[in-house]
Amino acid sequence: MEIDFNKNNDGLVPAIIQDAATKNVLMLGYMNQEAFDKTNETKKVTFYSRTKQRLWTKGEESGNFLNLVDVKLDCDQDSLLISVKPIGPTCHKGTDTCWAEKNNQHFGFLSELEAIIKDRKDNPEKNDSYVASLFRKGINKVAQKVGEEAVEVVIEAKDDNDKLFLDESADLLFHYLILLQAKGYTLNDIAQVLKGRH
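Residues numbered from 1 in each chain as written. Predicted model: local features only at pLDDT ≥ 70, side-chain atom pairs only at ≥ 80, totals over all residues. Heavy atoms only, no water.

A look at the overall build of the protein
Tallying secondary structure elements over the protein gives six helices and six strands in all. The linear arrangement of helices and strands in the protein, starting from the amino end, is β-β-α-β-β-β-β-α-α-α-α-α. For the protein, whose C-alpha radius of gyration is 23 Å, the value lies well above the compact-globule estimate of 16 Å for 198 residues. Looking at the protein residue by residue over its 198 residues, the buried ones come to 35%. Intrachain contacts of the protein at a sequence separation of at least 6 include 46% that bridge at least 24 residues. About 12200 Å² of surface is accessible on the protein, with carbon and sulfur atoms providing 52% of the total. Of note, the protein has its 26 positive side-chain charges centred 7 Å away from the centre of its 32 negative side-chain charges. (Helix = DSSP H or I, 4+ residues; strand = E, 2+ residues; numbered from the N terminus. Rg over C-alpha atoms; globule rule 2.2 N^0.38 Å. Buried < 20%, exposed > 50% of the residue type's maximum accessible area, 1.4 Å probe, protein only. Contact = heavy atoms within 4.5 Å. Areas by Shrake-Rupley, 256 points an atom, 1.4 Å probe, with all protein chains shown as cover. Lys, Arg positive; Asp, Glu negative; His and termini not counted. Charge placed at Lys NZ, Arg CZ, Asp CG, Glu CD.)

Printed below as a string of C-alpha cells:
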C-alpha cells in the first residue's frame, strides 16, 4: 500500500473509521507512517494526535479499542478508510460516534419503512391507515396476511411475469415488517440471528 504521507507536508493522512458490521462512520483521526505501522502490527487502531504530538491508541485509557478489520486507500493515495470492530463507544464523550449518533445497523429504505410502520403501531389514533388498521385487528390478522402474501409469491415464482413476482415479493416483505413490529422485533433482530448462524 503506497500511502502518500507527504502530500500535505505534515506527514499525516486522514483516517476515516467505519464500523465493519454497520458501515456507519464512527470518527475521523490522523495517521503518520508510524501510527499506520503500529495499527497493522497490533491490530488496534492507533492515531497520531495533533494536540498531544504523539501516537495514541484509541482505547488505551478507556478500554474502548477499535479492532482492525480492513484498510482501504483512496484513489489519490492520501486518505484511509479503516473498517473496525469497536469495543464500546467510540467518542471520548461516551457516544457511539463522534457525531453523537447511535451505531445501529441501517437497512436503507427498509429502515425508513420500519420507522413508519412503528409510528403507525405506536400512534394508531393519529393514523387512519391500512397499517394501523392491521394492528387494530391483532396478531392473527397480521400473520394471516403474511401467509397469504407468501402463497402469492410462490405462485408468481412459478410463472414468467417478473413484474407480478416482484410486486408480490414487495407485498410479502411489507407485511413481514408489520408482523415483526407486531411481535416487538425489527430487521436488526433477524440480522443478528442470521449472523449467528453464519
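Back to the text.
As for the domain arrangement of the protein
For the protein, the domain assignment lists domain 1 (13–86) and domain 2 (109–196). A separation of 39 Å is found between the C-alpha centroids of domain 1 and domain 2. (Domains from an automatic or database assignment.)

As for the UniProt feature "domain: Phosphoribosyl-AMP cyclohydrolase" (unreviewed entry) in the protein
Residues annotated by UniProt as "domain: Phosphoribosyl-AMP cyclohydrolase" (unreviewed entry) correspond here to residues 27–99. Span residues 27–99 is 14% helix and 38% strand, its end C-alpha atoms 8 Å apart. (UniProt positions renumbered as here; feature names shortened; annotations may be inferred.)

What to know about the pairing of strand S4 (residues 54–57)
Of the two faces of S4, only one is covered, namely that formed by Leu55 and Thr57; the face formed by Arg54 and Trp56 stays uncovered. Bridge count for strand S3 (residues 46–49) against S4 is four bridges, and the pairing is antiparallel. Bridge assignment links Phe47 to a residue of S4, and that residue is Trp56. A loop of four residues connects S3 with S4, the two strands running antiparallel in sequence, and Gln53 in this loop sits at a positive phi of about 55 degrees. (Pairing = 2+ DSSP bridges.)

A short note on the nonpolar core
Ile17, Met31, Val45, Phe47, Leu66, Leu80 and Ile82 are the most contacted members of the largest nonpolar core, which has 21 residues in total. Of all the elements in the fold, those that place two or more residues in this core are strand S1 (13–19), strand S2 (25–31), helix H1 (33–42), S3, strand S5 (66–73) and strand S6 (80–86). Apart from the residues within four sequence positions on either side, Leu66 is in contact with Ile17, Leu26, Met27, Lys43, Lys44, Val45, Phe47, Lys58, Val84, Lys85, Pro86 and Thr90. Counting 12 residues, the second largest nonpolar core, distinct from the first, contains Leu113, Ile117, Val142 and Leu187. (Core = buried A, V, L, I, M, F, W, Y, C linked by side-chain atoms within 4.5 Å.)

Observations regarding unusual backbone geometry
A positive phi angle is found at Lys23, which is not glycine, with a value near 70 degrees. Tracing the sequence through the fold places Lys23 in the loop between S1 and S2. At Ala100, a position not held by glycine, the phi torsion is positive, near 60 degrees. Within the fold, Ala100 resides in the loop between S6 and helix H2 (109–122).

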